[in-house]
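# Fold and geometry: a report
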Amino acid sequence: MSAETAVSQGRDEHYIRVLRRNFRTWRGQRPFWAGLLTLLGGIPIAYFPYATFKIGHMNLAMQTTAGAGSLIIGVLLVTLGLTMWFQHIVRVFAGVATILLALVSLPIANLGGFVIGFVLSLTGGALSLSWVPGRPANADETPAVQQAAPDSPAVPEQRDGFGADTHETSIEGNGGRNSAG
């Protein structure tokens, strides 16, 4: 291989580097951290009501009558986290639903999975609401703000071909627009 040989991106690189770059591109096109926090917040909310902790020979069970509600809230939060990743178009709906489910989990699901799931889900929902897609790479240049020349009038004069005192209200008049006078 000579110095003049063109190296194509992805062809001569290690596959781990290619996978990492592809993951970074995929992650940048969606609210990744919002989905991850929402998904991680749903796990303790669904897990703690059904968990049995062993301390020596003693079993500590957190099973309550709200176990079914906790399971539903936890599964919905995990589903919303995955929705933020794979259907990022509905990120606003997913964010609002995540925040509402996190708030409902406080009284229903053992203080929202002992506050761990509540805080993670609330943060994930807020991140989902605040995320906006980035600009494409070719739109790096910001367009210059067009400013009016200092000697131009503040309101442009009317140039519709009829004159300033004519009030035409027909469909054909004024280029298809109606005036309200």
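Residues numbered from 1 in each chain as written. Predicted model: local features only at pLDDT ≥ 70, side-chain atom pairs only at ≥ 80, totals over all residues. Heavy atoms only, no water.

The name given to the protein in an unreviewed UniProt entry is DUF6114 domain-containing protein, and the organism recorded there is Streptomyces kurssanovii.

Before going further, it helps to spend a moment on the overall build of the protein. Along its length, the protein carries 6 helices and 2 strands. Listing each helix as α and each strand as β along the protein from the N terminus yields α-α-β-β-α-α-α-α. In the protein, which comprises 181 residues, the proportion classed as buried is 26%. Long-range contacts, defined here as pairs at least 24 residues apart, represent 62% of the contacts in the protein between residues at least 6 apart. Of the roughly 12900 Å² that the protein leaves accessible, carbon and sulfur atoms contribute 63%. (Helix = DSSP H or I, 4+ residues; strand = E, 2+ residues; numbered from the N terminus. Buried < 20%, exposed > 50% of the residue type's maximum accessible area, 1.4 Å probe, protein only. Contact = heavy atoms within 4.5 Å. Areas by Shrake-Rupley, 256 points an atom, 1.4 Å probe, with all protein chains shown as cover.)

As a further point, take helix α6 (residues 116–130). Taking 1.5 Å of rise per residue, 15 residues should cover 21 Å, and α6 covers 21 Å from first to last C-alpha, within 8% of that figure. Contacts made by the buried residues of α6 are with α2 (32–47), α3 (67–86), α4 (91–108) and α5 (110–114). (Expected span 1.5 Å × (residues − 1).)

For Phe114, which is not a glycine, the phi torsion comes out positive at approximately 55 degrees. One non-glycine residue, Val115, lies in the positive phi region at around 65 degrees. Along the chain, Val115 turns up in the loop between α5 and α6.

What follows covers the nonpolar core. The biggest cluster of nonpolar side chains holds 10 residues, and these are Ala34, Ile45, Ile73, Leu77, Leu80, Met84, Ala94, Ala97, Leu101 and Ala109. Mapped by element, the contributors of at least two residues to this core are α2, α3 and α4. Considering every element that reaches this core, the biggest residue donor is α3, with 4 residues. Setting aside anything within four residues of it in sequence, one finds Leu80 in contact with Thr38, Ala94, Ala97, Thr98 and Leu101. (Core = buried A, V, L, I, M, F, W, Y, C linked by side-chain atoms within 4.5 Å.)

Now for the UniProt feature "transmembrane region" (unreviewed entry) in the protein. According to UniProt, the "transmembrane region" (unreviewed entry) feature falls on residues 32–53, 65–86 and 92–120. End C-alpha atoms of residues 32–53 are separated by 32 Å, and the span's content is 73% helix alongside 9% strand. With 93% helix and 0% strand, residues 92–120 has its two end C-alpha atoms placed 17 Å apart. (UniProt positions renumbered as here; feature names shortened; annotations may be inferred.)

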